[in-house]
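# Summary of structural features
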Amino acid sequence: MPKFFRFQFGNCSSSVIIQKKLPRLEELYTLAGDTFEGNCLAVCDDHTLPLVRRMDGAVPVVALPPGESSKGWAAVETILRAAGKQGLGRDGLFIGAGGGVVCDLTAFAASVYMRGAALVLLPTTLLSMVDASIGGKTGFDLEGIKNLAGTFYPARGIVIAADFLKTLPEREWKSGMAELIKTAVLDGDSGFFDRLKKLPREAKGPGSFVPFIEEAVRIKGRIVERDPRETGTERVLLNLGHTFGHALETSLGLGTISHGEAVAWGMARSCELGTELGLTPPEWGEAVLGVLHVRGYETGVPFPLPLDPRLFRSALFSDKKKKNGTLRFVVPGAEGARLAGWNAQVETYLEKLISKISLSS
Ligand SMILES: NC(=O)c1ccc[n+]([C@@H]2O[C@H](COP(=O)([O-])OP(=O)(O)OC[C@H]3O[C@@H](n4cnc5c(N)ncnc54)[C@H](O)[C@@H]3O)[C@@H](O)[C@H]2O)c1
């Protein structure tokens, strides 16, 4: 049975349908709303093009080169030009069918095309189903910095079809699993974390993931409803593991490791920092680290790839989530994630971390 959610993000509402089967194009048109007049453009990448072709109905498609390295302005321009050629008006529809890269790029293009066109997302990776497609953040990378440019533009509809996962490569399962663990940790020492812990490592069937996807979508959607533009102290919690993770991802070179692998390493650092600050109960930090270990993530320092400590430091300190010029870190707490502001203990931890990285470089 499909599961429905309807979220209200500020003055935009977003419907999410979670089902097993691939949707028909007609269903996507319905989600696009009353203003849609029938002209649309599907955006995918070379790997998700066959999935778009498998859907019932014909649609003009633009396929981008896959991966984080194509998440730049050139791809945005390709999408906008294709939409123009296709004659999309303000009543047209953009359909983003792919992982987080395609979802973020398509959503950004839709947000600026004729000052905003209808958008429906079909996330095809576990990561984009549980995270990237939900909540309206769009963007692209610039100057080697992830998501340096972006907008808030929630999709009118998101169809999460578990059958898309049938072709997902092992590395991408692992990447998505990290964001799923993050969401469970955000929820604190709740049943979600325990259920996820018990999920056998070899479980890859789309069916066994549906309940976890549903739970993650519900948790993220409710957090974003309370703080749609990250102006408060709620949405920032979704960045658990991301400040350290983005610094790792950026300093290794975008695309060297997957987003999820970086977030997993970042969560391990957040557990250490939270424990040092007395905000993460040690046994809870160990439980989180235990799950990351079992799932095969690199959680140690040094990271087993050459890492330039200067690049790491500069990436860390240029984090976009700074408030009043200082870094903020999200750390796990037993009742959910918590925000830690800048203080001498944080500074000492960071200096220790960077010197460990320096010793190993
Ligand atoms: N907007 C947000 O709130 C948000 C949240 C989290 C992450 N993100 C972004 O998401 C991106 C990462 O997303 P991702 O991990 O999905 O990476 P991705 O989009 O690069 O996809 C990973 C790989 O899987 C392939 N692929 C996708 N679906 C497939 C399928 N069903 N079968 C076979 N291959 C498939 C893709 O072609 C690509 O090669 C990052 O750019 C990150 O910044 C955004």
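Everything numeric in this text was worked out from a predicted model, so none of it was measured.

For the protein chain, the count of helices and strands is 13 helices and 11 strands. Whereas a compact globule of 361 residues would reach a radius of gyration of roughly 21 Å, the protein chain reaches 20 Å, a difference of no more than 12%. Here the protein chain holds 361 residues, and 47% of them are scored as buried. Put simply, of all contacts in the protein chain between residues at least 6 apart along the chain, 74% involve residues at least 24 apart.

Right, let's talk about the sheet that holds strand 6 (residues 118–123) for a bit. Strand order across the open sheet formed by seven strands is 1-2-9-6-5-3-4, with mixed pairing between neighbours. The open sheet has two edge strands, strand 1 (3–9) and strand 4 (61–64), and neither has a second partner. Recorded for the sheet is a direction-independent mean angle of 15° between the axes of neighbouring strands. Summarising the sheet, strand 2 (residues 12–19) and strand 9 (residues 157–161) pair through five bridges and their orientation is parallel. Paired with Ile-18 across the strands is Ile-160, a residue of strand 9. Across the sheet, helix 3 (residues 73–86) lies against strand 3 (40–45) and strand 4, angled at about 165° from strand 4, the strand it touches most.

Here the focus is the packing of helix 3 against helix 4 (residues 100–112). Where helix 3 meets helix 4, the axes come as close as 9 Å, and the angle between the chain directions of the two elements is 55°. The angle between the axes of helix 3 and helix 4 places the two elements in the oblique class. Viewed along their axes, helix 3 and helix 4 form a crossing whose handedness is right-handed. Across the interface between the two elements, Ala-75, Val-76, Ile-79 and Leu-80 of helix 3 pack against Leu-105, Thr-106, Phe-108 and Ala-109 of helix 4. Class assignment for the residues of the contact of helix 3 with helix 4 results in seven nonpolar, one polar and no charged.

Neighbouring the ligand are 31 residues; His-47, Gly-99, Gly-100, Val-101 and Thr-125 lie closest to it. Secondary-structure elements contributing two or more residues to the shell around the ligand are helix 4, helix 5 (126–132), strand 8 (145–149) and helix 6 (170–186). Of the residues belonging to the shell around the ligand, the class tally is nine nonpolar, 14 polar and eight charged.

Another aspect to go through is the domain arrangement of the protein chain. Interface extent is often summarised as the accessible area lost during association of the parts. What the domain assignment lists for the protein chain is domain 1 (3–168) and domain 2 (185–360). Computed from C-alpha atoms alone, the centre-to-centre distance between domain 1 and domain 2 is 26 Å. Contact residues are listed per partner, giving 31 residues for domain 1 and 22 residues for domain 2. Where the side of domain 1 that touches domain 2 is concerned, the elements lending two or more residues are strand 1, strand 2, helix 5 and strand 8.

The next thing to look at is the packing of helix 10 (residues 259–277) against helix 11 (residues 282–294). Relative to each other, helix 10 and helix 11 sit at 165°, their axes nearing to 9 Å. Classified by the interaxial angle, the pair formed by helix 10 and helix 11 is roughly antiparallel. Seen from above, helix 10 lies across helix 11 with left-handed handedness. Where helix 10 abuts helix 11, its residues Ala-264, Met-267, Ala-268, Cys-271, Gly-274 and Thr-275 lie against Pro-282, Gly-285, Val-288, Leu-289 and Leu-292. Across the contact of helix 10 with helix 11, the residue classes tally to eight nonpolar, three polar and no charged.

A word on the pairing of strand 1. Here seven bridges tie strand 1 to strand 2, and the two strands are oriented antiparallel to one another. Following the sheet pairing, Phe-9 is matched in strand 2 by Cys-12. Connecting the antiparallel pair strand 1 and strand 2 is a turn made up of two residues, with Gly-10 showing a positive phi of about 60°.

Note on placement: Gly-150 falls in the loop between strand 8 and strand 9. For the pair Gly-150 and Thr-138, spaced 12 residues apart in sequence, the C-alpha separation works out to 5.2 Å. Setting aside chain neighbours within four positions, we find Gly-150 in contact with Phe-108, Lys-137, Thr-138 and Gly-139.

What counts, and at which threshold
- Residues numbered from 1 in each chain as written.
- Predicted model: local features only at pLDDT ≥ 70, side-chain atom pairs only at ≥ 80, totals over all residues.
- Helix = DSSP H or I, 4+ residues; strand = E, 2+ residues; numbered from the N terminus.
- Rg over C-alpha atoms; globule rule 2.2 N^0.38 Å.
- Buried ≥ 20, exposed ≤ 12 C-beta atoms within 10 Å, placed from the backbone.
- Contact = placed C-beta atoms within 7 Å.
- Pairing = 2+ DSSP bridges.
- Axes fitted to C-alpha atoms, helices over the stretch in contact; angles between N-to-C directions.
- Parallel < 35°, antiparallel > 145°, perpendicular 65-115°, else oblique.
- Left-handed = near helix turned anticlockwise from the far one by under 90°.
- Nonpolar A, V, L, I, M, F, W, Y, C, P; charged D, E, K, R; others polar.
- Near = placed C-beta within 6 Å.
- Domains from an automatic or database assignment.

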